[in-house]
Amino acid sequence: MPEAADALAQLCTFRIAGEDYAIDIMRVREIIHPLPVTPVPRAPAFVDGVVRLRGDVIPVVDVRKRLGLPAGAPTRKSRFLVVNVAGRRVALAVDEVREVLRIARSEIRPAPALRAPGAPRFFLGACGGDRPGGRPGAPLRLLLNVKALLDPAIPGEADAARSQAEASRRA
């Protein structure tokens, strides 16, 4: 029986702005072609809006915007990754879905601590890249923290948005 360190991790890999990222496949419900997005006033800047998917209305998070990358035009390879986050479904807009990667959990290295104090922790770890014992020529992939993608960009941002919405309702 393999040890926990040797257990396999299954990751869905995708591209954003020419870089490779991954999320745990267990979070992914489905991968779909982009649907028409309805904008939502006062939504965070990284939320493009909402889509209707089989009767449910789900938010669309533009991963490029969330990571502070320049906007890119959708292509025929663009997809929505419909994921489960904190008990709800969210569509992540990505440039391209690549593959399902099966690797030993021991190959996932800790993420570098390169974030500002109080900023969301977007990355849980990294895998791939040229590493002894790893696949030669495998691209380095950052393992995304899907929950952090939904955290406010600035501490207190969600509370400020709620207060502003309440004030506008009273006016």
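Reading guide: rules and limits
- Throughout this description, residue numbers start from 1 for each chain and increase along the sequence as written.
- Reporting of local features is limited, given that this is a predicted model, to residues whose pLDDT is at least 70; pairs of side-chain atoms are given and counted only at 80 or more, and all residues count toward the totals for whole chains, interfaces and linings.
- Side-chain metrics rest on all non-hydrogen atoms present in the structure, leaving aside hydrogens and water.
- Secondary structure elements are taken from DSSP: a helix is a run of H or I of four residues or more, a strand is a run of E of two residues or more, and numbering for both begins at the N terminus.
- N or O atoms within 3.5 Å of each other form a polar contact, as long as, within protein, one can give a hydrogen and the other can take it, and as long as residues adjacent in sequence are counted only when both atoms are side-chain atoms.
- Note on contacts: a residue pair qualifies if any of its non-hydrogen atoms lie within 4.5 Å across the two residues.
- When two rings of Phe, Tyr or Trp (its six-membered ring) have centres within 6.5 Å they constitute a pair, described as stacked for plane angles under 30 degrees, edge-to-face for angles over 60, and tilted for the intermediate range.
- Here's how the labels work: a residue is buried when its accessible area is under 20% of the maximum for its type, exposed when over 50%, partly exposed in between, all with a 1.4 Å probe on protein chains only.
- Charges are assigned to positions over rings by a cutoff of 6 Å between ring centre and Lys NZ or Arg CZ, combined with an angular limit of 35 degrees from the ring normal.
- Paired strands, as defined in this entry, are two strands with at least two bridges between them according to DSSP.
- Working convention: axes come from line fits to C-alpha atoms, limited for helices to the stretch in contact. Angles between N-to-C directions cover 0 to 180 degrees.

Chemist: Kindly report on the side chain of Arg89, identifying the contributing residues and their values.
Modeler: As for its position among the elements, Arg89 is in strand S7 (residues 88–94). At 2.6 Å, the side chain of Arg89 forms a polar contact with the side chain of Asp56. If we ignore the near neighbours within four places in the chain, the residues touching Arg89 are Arg29, Glu30, Leu53, Asp56, Ile58, Pro59, Val82, Val83 and Asn84.

Chemist: Break down the packing of aromatic side chains for me, citing the residues and quoting the values.
Modeler: Summed over the entire model, instances satisfying the criterion amount to three aromatic pairs. Pairing Phe14 with Tyr21 gives two aromatic rings, centres 6.2 Å apart and planes at 25°, and the pair type is stacked. Tyr21 matches Phe14 in its accessibility class, with the two residues each being buried. For the ring pair Tyr21 and Phe123, a centre distance of 6.2 Å and an interplane angle of 15° mean the geometry is stacked. Residue Tyr21 is located in strand S2 (residues 19–24), and its partner Phe123 is located in strand S10 (residues 123–127); the two are separated by 102 residues in the primary sequence. Overall, the relative accessible area of 7% leaves Tyr21 in the buried class. For Phe123, a relative accessible area of 25% translates into the label partly exposed. By the ring-pair criterion, three or more aromatic residues cluster together here, those being Phe14, Tyr21, Phe122 and Phe123. Across from the ring centre of Phe46, 4.1 Å away, lies the NZ or CZ of Arg66, which sits over that ring.

Chemist: Give a detailed account of the sheet that holds strand S4 (residues 47–53), specifying residues and quantitative values.
Modeler: The strand order S3-S6-S7-S5-S4 describes an open sheet built from five strands, whose pairing is mixed. What marks the edges here is a single partner per strand, and that holds for strand S3 (28–32) and S4. Adjacent strand axes in the sheet meet at a mean angle of 30°, parallel and antiparallel pairs treated alike. The pairing of strand S5 (residues 56–62) with S7 spans three bridges and is parallel. Opposite Asp62, over in S7, you have Ala93 as the bridge partner.

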